[in-house]
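Letter by letter, the chains look like this.
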Amino acid sequence: MHGGRLDDGERIVFTLMRSALGCVVLSLSLGAFAALYYLPAIGETMAAAGVSLVQLRPLHTTFASAWIFLGAVTVVSRFLFASFGPPGDGDKLRFKAQLVCWGLAGLGVLVTLPLGITSGREYLGFHPVFSLLIYVGWLLFAWTFFSKVWRGFWQRPVYVYMWSAGILFFLYTFAEGHAYLLPGVRDQPVVDLQIQFKSCGSLVASFNQMVYGCLIYIAERITRDKRIAQSRITFSLFGIGLLNSFTNSAHHTYHIPQDHFIKWVAFVVSMLEIIILVEVFKEVSKLLSGERKSSLDFNVTARFVHLSKCWNLFLLTLALLISVPPLNALIHGTHVVMGHAMGSEIAIDSYLLLAAFAYLLAEMFPKRETLRAVLHSDAVARAIGGLNIGLVGLVSWLLIAGLTTGVSRYLGQSAPAWLDDFPYPFAVFGLAVGWYLARLLWLWSPLLLRPEQHRQWYGSPSTTVVSRTADVSSS
Amino acid sequence: MSPSARKLLIAVLVCAFCLQTWMVYADPAGRTEPPLSPAGARGRALWHDHNCQSCHQLFGFGGFLGPDLTNVVERLSEARLEHILTLGSGQMPPFDLDPDARADLTCFLEEMSARGRGQARHAEWQPPGELLVQVAGDDAPASGLALALAQSCVACHLPNHASDYGAPDLTTAITRLGPQGVRDVLAAGIPGTPMPRFGFSEDDLDALTDFLTWLDRNGESIRHTFEVTRHSEGDWSILDLPWWEY
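Cut-off values and rules
- Residues numbered from 1 in each chain as written.
- Chains lettered and ligands numbered in written order.
- Predicted model: local features only at pLDDT ≥ 70, side-chain atom pairs only at ≥ 80, totals over all residues.
- Heavy atoms only, no water.
- Helix = DSSP H or I, 4+ residues; strand = E, 2+ residues; numbered from the N terminus.
- Rg over C-alpha atoms; globule rule 2.2 N^0.38 Å.
- Buried < 20%, exposed > 50% of the residue type's maximum accessible area, 1.4 Å probe, protein only.
- Contact = heavy atoms within 4.5 Å.
- Areas by Shrake-Rupley, 256 points an atom, 1.4 Å probe, with all protein chains shown as cover.
- Lys, Arg positive; Asp, Glu negative; His and termini not counted.
- Charge placed at Lys NZ, Arg CZ, Asp CG, Glu CD.
- Salt bridge = Lys/Arg side-chain N within 4 Å of Asp/Glu carboxyl O.
- Domains from an automatic or database assignment.
- Buried area = accessible area lost by both parts, 1.4 Å probe.
- Polar contact = N/O pair within 3.5 Å; in protein donor to acceptor, adjacent residues only side chain to side chain.
- Nonpolar A, V, L, I, M, F, W, Y, C, P; charged D, E, K, R; others polar.
- Core = buried A, V, L, I, M, F, W, Y, C linked by side-chain atoms within 4.5 Å.
- pLDDT = per-residue confidence, 0-100.
- Axes fitted to C-alpha atoms, helices over the stretch in contact; angles between N-to-C directions.
- Parallel < 35°, antiparallel > 145°, perpendicular 65-115°, else oblique.
- Left-handed = near helix turned anticlockwise from the far one by under 90°.
- Disulfide = S-S within 2.5 Å.

## A closer look at the overall build of chain B
Line of reasoning, step 1. When you go through chain B residue by residue, the secondary structure sums to 11 helices and 2 strands.
Line of reasoning, step 2. Written out in order from the N terminus, the α and β elements of chain B read α-α-β-β-α-α-α-α-α-α-α-α-α.
Line of reasoning, step 3. At 23 Å, chain B has a C-alpha radius of gyration far larger than the 18 Å of a compact globule built from 246 residues.
Line of reasoning, step 4. In terms of its C-alpha atoms, chain B occupies a principal-axis envelope of roughly 85 × 45 × 30 Å.
Line of reasoning, step 5. With 246 residues in all, chain B has 49% of them scored as buried.
Line of reasoning, step 6. In chain B, of all internal contacts separated by at least 6 residues, the share reaching a separation of at least 24 is 62%.
Line of reasoning, step 7. On chain B, roughly 11600 Å² of surface is accessible, and the fraction owed to carbon and sulfur atoms is 59%.

This is the structure we're talking about:
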């Protein structure tokens, strides 16, 4: 503890954390508008006012992806400064340049997409000039990361391998996502689709590698057991997961003209996920039998990790089912895919990153009273409960609606009449998820917005902080 | 895990990645169709410029608010497609596309449709338009039937049921709204719903009202035929579903 002041490394971590959470807030707000657009009466009014899903959706997905990446980069940066000491001048300069590149890109996307300047691509809906800024930022981050971890790389824990794979995979797949700029790809729509599915699928896999690495890093720090990150089983699971990441995008291409061998490979490798499923099942069984209890009465990190494991079991089972070709034919292009994607992004990636953030905050604000009053308060517990219930409702509704639509569509029948009301539960559950996530961030905001005051409070309490904390805990 | 085992693991993964990437890029299956024509390429550019993928899908890739458009040219007539592109429909905003742009976009969608099927269909599925022609036979007022087919009314309105878009059964339209009510809807559309204003002439309105009156009069048998067809489509099992291309 350094009095009230944050050191350089902590300042960088806080800046990244705030940027990541800023992206969540933006993504939530835009997602809330997008959910309202699904209600026909409101959607038409919005369309008449010039606000369209055409602008809202790419903004929402861009900032949701930015949240995941920035969140993982925050945890990786914390690891770098905790393991290799405070940042040097070169590190600080690169971090500044990296943040300027990403900040300019974020601002540019926020301004240009509403003006209708778009690439019209899925996930990379912004103008390619912003891709260049994002890419330069990533190159700088990769430089900082590899310059520190390359020495003794082969002895490093598994999360360093996961982050390395995530960073390199991102650099490759992000570039590949722009293959449409090449005439040979642009004029062959099927080739373009094959590459688009491949790059988008692998881009998602790259952020999964980053996030799972964060989970193992946090688990190692909490348990102080370094064997977890060095074990043969963990490395084998990393290998299976990464192999799956290369090929599993092909289960989105079962229906487009493509060599069947590629599809068979995707199918067989997807089925290897059963091994991961069995491991997750064992973990969840231990969890439910109460073998692993948190030492605190309520601990945000433990709660999010436990919830995420349960979701992982469910979503992995769903992913396996979706990878079976006849079932894939039934649900492809329906809301089942959306339910799986949203469930994975929120219940696995976001939960794990929030768990990691809670751990990092607890590390930086170690006083038990602060943790109880702000980070692990009852209000936070209620917000997490509400968030999870909203998410269960949202994902269940998307799966039911998607499966019903898939069957009706296959038979050439109109969907059942009750599905006419699809937008209402979707909007209600979507808004509930957004509301509780926003509430959680609001409850944490005293630590996030005024960390130095809280560090002072650790030594000498400040009246404003105490009253703000009291407000939060009473609400 | 020992360092040498880790090196082996990484080497295997790198080889697997290179192999998989090579297989995708070297695959000739995506190049069996000729490249997009100049009009198709312009249509593709319009598709991206207007960010159509936000709401619609091609081969199941894209947003979920609107339908998959891979084979839309088979489902909707050219007139109906042009109408939607000009005036929008429901939450779909009107796009101010000139006739050349509309033709380019239609050309792009036609060329996409030729490249495969976006959604799996039961083997016995029959497009509702074809079924309507079959059911109507020679008895139905020909000009009204032709107009209904040209405007793809059955793409939204199906007998027996409200459709995916909440559009009601046309075989009961005259009973529910009366001839004048039907004319009013056909002339002005229904604001706040996907039912657009078509801009029919008086002659068109007469022809369509005649056809809808005929549909209403023969509604019972038409609904029965559609129901029987739906039942035959309803006999399916998971084993009927395709593995790869539809």
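## Some remarks on the overall build of chain A
Line of reasoning, step 1. Tallying secondary structure elements over chain A gives 19 helices and 0 strands in all.
Line of reasoning, step 2. Computed over the C-alpha atoms, the radius of gyration of chain A is 22 Å, within 12% of the 23 Å expected from 2.2 N^0.38 for a compact globule of 475 residues.
Line of reasoning, step 3. In chain A, which comprises 475 residues, the share counted as buried stands at 61%.
Line of reasoning, step 4. If you take every contact in chain A between residues at least 6 apart in sequence, the share linking residues at least 24 apart comes to 80%.
Line of reasoning, step 5. Surface exposure of chain A reaches about 18100 Å², of which carbon and sulfur atoms provide 67%.
Line of reasoning, step 6. Chain A carries 35 positive and 27 negative side-chain charges, and their two centres are separated by 7 Å.

## Observations regarding the side chain of Arg102 of chain B
Line of reasoning, step 1. Tracing the backbone shows Arg102 of chain B in helix 5 (residues 99–113).
Line of reasoning, step 2. Setting aside residues up to four positions removed in sequence, Arg102 of chain B forms contacts with Glu82, Leu85, Thr86 and Leu97 of chain B.

## Looking at the pattern of salt bridges
Line of reasoning, step 1. All told, the structure shown has 20 salt bridges over all chains when counted by the stated rule.
Line of reasoning, step 2. For Arg221 of chain A, the salt bridge is made with Glu363 of chain A, and the minimal N-O distance between the two is 2.5 Å. Of the two residues, Arg221 of chain A sits in helix 8 (residues 189–223) while Glu363 of chain A sits in helix 14 (residues 335–364), which places them 142 residues apart along the sequence.
Line of reasoning, step 3. With a relative accessible area of 25%, Arg221 of chain A lands in the partly exposed category.
Line of reasoning, step 4. For Lys263 of chain A, the salt bridge goes to Glu245 of chain B, with nearest N and O atoms at 3.5 Å. Taken together, the residues Lys263 of chain A in helix 10 (residues 260–271) and Glu245 of chain B in the segment after helix 11 (219–234) connect one chain to another.
Line of reasoning, step 5. Given the relative accessible area of 32%, Glu245 of chain B is considered partly exposed.
Line of reasoning, step 6. A network of salt bridges, in which partner residues are shared, links Asp8, Arg11, Asp89 and Lys92 of chain A.

## Regarding the domain arrangement of chain B
Residues and elements named next belong to chain B.
Line of reasoning, step 1. Here chain B is described as being made up of domain 1 (37–117) and domain 2 (128–230).
Line of reasoning, step 2. The centre of domain 1, based on its C-alpha atoms, is set 24 Å off from the matching centre of domain 2.
Line of reasoning, step 3. Of the residues lining the interface, 10 residues belong to domain 1; the matching set on domain 2 comes to 11 residues.
Line of reasoning, step 4. Taking both partners together, domain 1 and domain 2 bury about 780 Å²; carbon and sulfur atoms supply 54% of that area.
Line of reasoning, step 5. Contact with domain 2 buries surface across domain 1, with Ser77, Arg80 and His83 losing the most and accounting together for 51% of the total.
Line of reasoning, step 6. Run the count over domain 1 and domain 2 and you get 0 salt bridges.
Line of reasoning, step 7. Scanning the region where domain 1 abuts domain 2 turns up 3 residue pairs in polar contact (both at pLDDT 80 or more).
Line of reasoning, step 8. Top contributing element to the side of domain 1 that touches domain 2 by residue count: helix 4 (residues 78–87), with 4 residues.
Line of reasoning, step 9. By residue class, the composition of the side of domain 1 that touches domain 2 is 4 nonpolar, 4 polar and 2 charged.

## Some details on the environment of Lys96 of chain A
Residue and element names in this part refer to chain A.
Line of reasoning, step 1. Following the sequence through the fold, Lys96 ends up in helix 4 (residues 89–112).
Line of reasoning, step 2. We classify Lys96 as exposed; its relative accessible area is 59%.
Line of reasoning, step 3. C-alpha separation for the pair Lys96 and Trp150, spaced 54 residues apart in sequence, amounts to 22 Å.

## Quick word on the nonpolar core
Line of reasoning, step 1. If you look at the biggest cluster of nonpolar residues, it comprises 141 residues, and the most contacted ones within it are Trp67, Trp138, Trp163, Phe238 and Trp444 of chain A.
Line of reasoning, step 2. Considering every element that reaches this core, the biggest residue donor is helix 14 of chain A, with 19 residues.
Line of reasoning, step 3. Among all residues touching Trp138 of chain A, those that are not within four sequence positions of it are Phe69, Val73, Trp102, Ile167, Phe170, Leu171 and Met210 of chain A.
Line of reasoning, step 4. Residues Ala148, Leu170, Phe198 and Phe211 of chain B belong to the second largest nonpolar core, which totals 27 residues.

## Looking at the confidence of the model for chain B
All names here are of chain B.
Line of reasoning, step 1. Taken as a whole, chain B shows an average pLDDT of 87; of its residues, 94% reach a score of 70 or greater.
Line of reasoning, step 2. Model confidence for chain B, summarised as mean pLDDT per element, is weakest for helix 11 at 74 and strongest for helix 2 (residues 38–49) at 96.
Line of reasoning, step 3. Across the predicted assembly, pTM comes out at 0.89 and ipTM at 0.89.

## Points about the packing of helix 1 (residues 8–37) of chain A against helix 4 of chain A
Residues and elements named next belong to chain A.
Line of reasoning, step 1. The contact between helix 1 and helix 4 brings their axes to 12 Å, and the two run at 10 degrees. The orientation of helix 1 with respect to helix 4, classified from their angle, is roughly parallel. In terms of crossing hand, the pair formed by helix 1 and helix 4 is left-handed. Residues Asp8, Ile12, Thr15, Leu16 and Leu26 of helix 1 touch helix 4, and the partners they reach there are Lys92, Phe95, Gln98, Leu99 and Leu110.
Line of reasoning, step 2. Considered class by class, the residues forming the contact of helix 1 with helix 4 number 6 nonpolar, 2 polar and 2 charged.

## Some words on the state of the cysteines
Line of reasoning, step 1. Evaluated as defined, the whole model comprises 0 disulfides over all chains.
Line of reasoning, step 2. Here Cys15 of chain B stays unpaired: no disulfide links it, and the sulfur of Cys18 of chain B, its closest cysteine neighbor, is 6.6 Å away.

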